[in-house]
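Tertiary structure, described
In case you want the letters, here they are:
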Amino acid sequence: MRRIDSREWRNNNPLPLLIMPGLHAVLSPSAAHRWMNCTAAPRLEEKVEDKGSAYAEEGTLAHAFCAKHLKEFLGVPTKDEEAEIAQLFDKYHTGEMDEYTETYKVIVLEKFNAARSKTPDAQLLVEVRLDFTKYIPDGFGTADAVIIADGCLEIIDFKYGKGVKVSAYENPQMKIYALGAYEAFSFEYNINRVRMTIVQPRIDNLSEFEITAEDLQAWAVKDLQPKANEAYSGKGKQLPGEWCQFCKVKCSCKALAATCIKTATEHANPLLVSKEDMETIVLPQIATIKTWLAGIEEYALQQALSGVQYAGYKIVAGRSVRKITDPEAVMQLLADNGFAAESYTKPTELRTITDLEKLIGKKRFAELCKEYIDKPQGKPTLAPDSDKRPAFNAAADDFKNINF
C-alpha cells in the first residue's frame, strides 16, 4: 500500500468546519478528567467567560517555541508560531524557556528517529488537528506532536506549568488525542499499540504510558462515549472531587459546597474529630476544601470589585510595601545632611536562584554553580501514602552534620 504524506492526508480529509482557530470544544480533551467525573461541569462552565491568565499566555509562548523548533526541523512554515512569539516574547521570554523548549525538541526528535529506525517512512506531525466526533459530540482538539509508525503510534504533549505534576498514566486527555490519531492514521499504518508521553521539563517530569489499540478503543466505547454523551446533553450530574481545581464554577457550585460542609460536620463524635474521622473523612477532602475556599474568596472579591455589595463586608486596601521613588535623590539628601555613604548603601547583591535560572537556564546554572548550592530538607508536610516523596526523617536531619 502507498504511504501518503501527512499534508496530502489533511488535504484529502479536511476536518469539520466547526474546527476553526480560536474555537473551543464544549468537551475539550484538556478538561476530560473533570467532565468524565462531573458530567454537569461543561454546560455549567460554558456560561462563564474564559478571561485567560498570565500563566496561560506564558504557556502559549512556550508551545509556540516548541512547535517552531520541530517545524523548522521538518521544513514546515512557521508563520503562525512566529506571530505568537512576536506578540508575547517581550513579556514572557526567558533563557529558561529556551532551555526547556529545546529539551522538548530533543526528546521528540529522539523518539522520531527511533520510530524511523523501525519504520523508514514514519511521520512526525506537529500541532495536528484531530477529530474525536466518533466518540465525543463535536469533539476536536490539537495534539502537540504525533509520531506515526507501524506497530506503535505515539502522542507527545508539552506541559510548561510547574504547579501540578501531570502523569500520562491513564490520562484521559492523552487517550482522547490517541483515539483521534488512531482513527486518522490506522488505515495507512499497521498500529497495534499507542504510547502517550508527557514532557514537563520545568519539574523534570517525563511520564509515559502505553496501551494496546484494542484496549484504547474498548475504553472509548465503555467509558468515554457514555460520559461524553451525558455531559454534552446538559443532563449531567455534579460530582465534586480533586478535579474541581480548575473548574470555572467551583465558587458557586452547591454540590462542592455541600461536600465541604458535610466533611466538617458529619462525624461519629459530635464534639471532637477522631483519628478515624481524620483518616477516612477529613484528610481525603483537604484538596477539595482548599479548592472551594480559594474559589469562593476569589469570586467574592471579583464580584465586589465589579459593584456587587455583600451585607457586612467592604473592600479595603491590602498590605502595602513602602518604596523609594528616587533612590539617587534620597542618597544625595542623606549625604548633604552628614550621613556616611556606608550607613545608607550596601554592596550589589546576587539575584535569587530562581532569577538566575531564568536568566541563564536551569541546566547551565546547575553546571556552573552546583558546588555552591545547598538544598536543606524541606518543611514537613502531610501527604497521602501514594506520594512518591520519601517519608520525612526528623532524626536523620538532626544528626546529619555529626561525624562518628
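Residues numbered from 1 in each chain as written. Predicted model: local features only at pLDDT ≥ 70, side-chain atom pairs only at ≥ 80, totals over all residues. Heavy atoms only, no water.

Quick look at the overall build of the protein
Put simply, the rule reads: Note on conventions: DSSP H or I runs of at least 4 residues are helices, E runs of at least 2 residues are strands, and numbering of each starts at the N terminus. Only protein chains enter the area calculation, which uses a 1.4 Å probe; residues under 20% of their type maximum are buried, those over 50% are exposed, and those in between are partly exposed. Note on contacts: a residue pair qualifies if any of its non-hydrogen atoms lie within 4.5 Å across the two residues. Asp and Glu are treated as the negative residues and Lys and Arg as the positive ones, with His and the ends of the chain left uncounted. Taken as the charge centre is NZ of Lys, CZ of Arg, CG of Asp or CD of Glu, depending on the residue.
Helix and strand counts for the protein come out as 16 helices and five strands. Taking the principal axes of its C-alpha atoms as reference, the protein extends roughly 90 × 60 × 60 Å. Counting over 404 residues, the protein shows a buried share of 35%. Taking all contacts inside the protein whose residues are at least 6 apart in sequence as the whole, residues at least 24 apart take part in 67%. The protein carries 51 positive and 58 negative side-chain charges, and their two centres are separated by 3 Å.

Digging into a nonpolar patch on the surface
Where we set the bar: Patch building starts from residues that exceed 30% relative accessible area and form no salt bridge, then joins like charges within 9 Å and nonpolar side chains (Val, Leu, Ile, Met, Phe, Trp, Tyr) within 5 Å. Using a 1.4 Å probe, accessible areas were evaluated by the Shrake-Rupley method; residue-level cover was limited to the displayed protein chains. Put simply, a salt bridge is a Lys or Arg side-chain nitrogen that is within 4 Å of an Asp or Glu carboxyl oxygen.
A grouping of Val-273, Met-278, Leu-283 and Ile-286 is seen on the molecular surface, where their side chains present a nonpolar patch of about 280 Å² in accessible area. With respect to the helices and strands, Val-273 occurs in the loop between helix H9 (254–265) and helix H10 (275–282). Residue classification places Val-273 among the partly exposed residues on the basis of a relative accessible area of 44%.

Examining the packing of helix H14 (residues 353–360) against helix H15 (residues 362–369)
When two helices pack together, you describe them by how their axes are tilted relative to each other and by the distance separating the axes. The following threshold applies: The convention used is that axes are lines fitted to C-alpha atoms, helices contributing only their stretch in contact, and that angles between N-to-C directions extend from 0 to 180 degrees. Each angle receives one of four descriptions, namely roughly parallel if under 35 degrees, roughly antiparallel if over 145, roughly perpendicular if within 65 to 115, and oblique otherwise. Left-handed describes a crossing whose near helix is turned anticlockwise from the far helix by less than a right angle; the clockwise case is right-handed. Residue polarity follows a fixed list, in which Ala, Val, Leu, Ile, Met, Phe, Trp, Tyr, Cys and Pro are nonpolar, Asp, Glu, Lys and Arg are charged, and the others, Gly among them, are polar.
Contact pair H14 / H15: the axes reach a minimum separation of 7 Å and the direction vectors enclose 115 degrees. If you check the angle between H14 and H15, you find them roughly perpendicular. At the point where H14 passes H15, the crossing takes the right-handed sense. Residues Ile-353, Leu-356, Glu-357 and Ile-360 of H14 lie in contact with H15, whose contacting residues are Lys-362, Arg-364, Phe-365 and Leu-368. Among the residues forming the contact of H14 with H15, the class breakdown is five nonpolar, no polar and three charged.

Concerning the sheet that holds strand E1 (residues 123–131)
Condition: For two strands to count as paired, DSSP must find a minimum of two bridges between them.
Strand order in the open sheet made by the five strands is E1-E2-E3-E4-E5, with mixed pairing throughout. Every other strand in the sheet has two partners, leaving E1 and strand E5 (205–212) as the edge strands with one partner each. Across this sheet, the average inter-strand angle for adjacent strands is 30 degrees, counted without regard to direction.

Section: the confidence of the model for the protein
Selection rule: The score called pLDDT rates the predictor's confidence residue by residue, from a low of 0 to a high of 100.
Across the protein, the average pLDDT comes to 86, with 90% of residues at or above 70. Throughout residues 6–22 the model reports pLDDT below 50, and contacts reaching past four residues in sequence, or to other chains, amount to 21 contacts.

Concerning H9
To be explicit about the condition: To estimate the expected span of a helix, subtract one from its residue number and multiply by 1.5 Å. The arc in question is formed by the directions pointing from the helix axis toward the C-beta atoms.
The end-to-end C-alpha separation of H9 is 16 Å, in line with the 16 Å expected for 12 residues at 1.5 Å each. Listed as buried for H9 are Leu-256, Ala-257, Cys-260 and Thr-263. Projected down its long axis, H9 shows its buried positions confined to an angular sector of 125 degrees, all on one face. Facing away from the buried surface of H9 by more than 90 degrees, the exposed residues are Lys-254 and Thr-265.

Here we look at the pattern of salt bridges
Overall, the coordinates contain 19 salt bridges when judged by the stated rule. In this structure, Glu-72 engages Lys-68 in a salt bridge whose closest nitrogen and oxygen atoms are separated by 2.5 Å. Of this pair, Glu-72 and Lys-68 are both found in helix H4 (residues 54–74), four residues apart, which corresponds to roughly one turn of the helix. Among the residues examined, Lys-68 registers a relative accessible area of 19% and is labelled buried. The residue Glu-367 makes a salt bridge to Arg-364 at a minimum N-O spacing of 3.6 Å. In this pair, Glu-367 and Arg-364 both sit in helix H15, three residues apart, roughly one turn of the helix.

Topic: the state of the cysteines
Our working rule: By convention in this document, the label disulfide applies to cysteine sulfur atom pairs within 2.5 Å.
Counted according to the given criterion, the structure contains zero disulfides. The cysteine Cys-244 is free of any disulfide, with Cys-247 supplying the nearest cysteine sulfur at 6.2 Å. Here Cys-244 falls in the buried class, since its relative accessible area comes to 9%.

Comments concerning the environment of Glu-127
Among the secondary structure elements, Glu-127 is positioned in strand E1. A residue is classified by how much of its surface remains accessible, and Glu-127, at 32% relative accessible area, is partly exposed. Placed 182 residues apart in sequence, Glu-127 and Gln-309 show a C-alpha to C-alpha distance of 45 Å. If we ignore the near neighbours within four places in the chain, the residues touching Glu-127 are Ala-67, Glu-81, Thr-142, Ala-143 and Asp-144.

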